[in-house]
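Examination of the molecular architecture
Here are the chains, one letter per residue:
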Amino acid sequence: MKLLIICALFFSSSLSAQEVPAATGSKLPQDQAIAALEFHNKVRKDVGVGPLTWSVELSAYAQSWAEQLTKKDCRPKHRPPTGEWKQLYGENIFWGSKPGFTALTASQHWFSEIKDFDGGPIQPELAGKTGHYTQMVWHNTKSIGMGIAQCPNGAIIIVANYDPAGNYVGEKAY
């Protein structure tokens, strides 16, 4: 009995925050999900914020919005605040004009906004320049899920959802 408990404790404590199930919850392949999660967690560690875990449920939520965007004009657009497609979580969206973009590419693009971030409280006038980055590193956010869809013209849309959401005006990201 003791051995069983010790083994259970060992295996549960050795689980990595980087784990992503083979069935990611979206059309995002597991290797892309792992790469994006690892990148997010490195960026978060660099600023002293705890790691994110992968959420199959958030991934399904992100996937549904990515697919919805491909049915319209295939442009990046956040979920609306009300209605059937109401936004429930933090959200980053990436649009690339050709195939080949990945979840890591999107994450690196969002991270590039760090150059405009001053470390202070979120200000409305800078939210458009830094909001993707600050959502990535938001101190209260615990989980992420991502989805990917291809537009009829070959462009790629990648959606990331974060729970809980961040980017509250007047608050610091970390």
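On average, residues of the chain score 90 in pLDDT, and 90% of them reach the 70 mark or higher. Every residue in residues 1–17 is under pLDDT 50, and counting partners more than four places away or in other chains gives five contacts.

Judged by nonpolar contacts, the single largest core of 27 residues is most densely connected at L28, W54, W110, I144, M146, I158 and Y162. Among the elements of the structure, α2 (30–46), α4 (103–111), α5 (127–136), β3 (143–150) and β4 (156–163) are those that each provide at least two residues to this core. The element best represented in this core is α2, accounting for five residues. If you look at the next biggest cluster of nonpolar residues, it comprises 11 residues, including W65, C74, A149 and C151.

Moving on, we get to the pairing of β4. Counting buried positions along β4 gives seven out of eight residues, so the element sits mostly inside the fold. Here strand β2 (residues 90–96) pairs with β4 via seven bridges, running antiparallel. The residue of β4 that forms the bridge with N92 is A160. Both β3 and β4 contribute to a ladder of eight bridges, which runs antiparallel. Paired with Q150 across the strands is I156, a residue of β4. The turn linking β3 back onto β4 is made up of five residues, and G154 within it adopts a positive phi angle of 100 degrees.

Calculation criteria
- Residues numbered from 1 in each chain as written.
- Predicted model: local features only at pLDDT ≥ 70, side-chain atom pairs only at ≥ 80, totals over all residues.
- Heavy atoms only, no water.
- pLDDT = per-residue confidence, 0-100.
- Contact = heavy atoms within 4.5 Å.
- Core = buried A, V, L, I, M, F, W, Y, C linked by side-chain atoms within 4.5 Å.
- Buried < 20%, exposed > 50% of the residue type's maximum accessible area, 1.4 Å probe, protein only.
- Helix = DSSP H or I, 4+ residues; strand = E, 2+ residues; numbered from the N terminus.
- Pairing = 2+ DSSP bridges.

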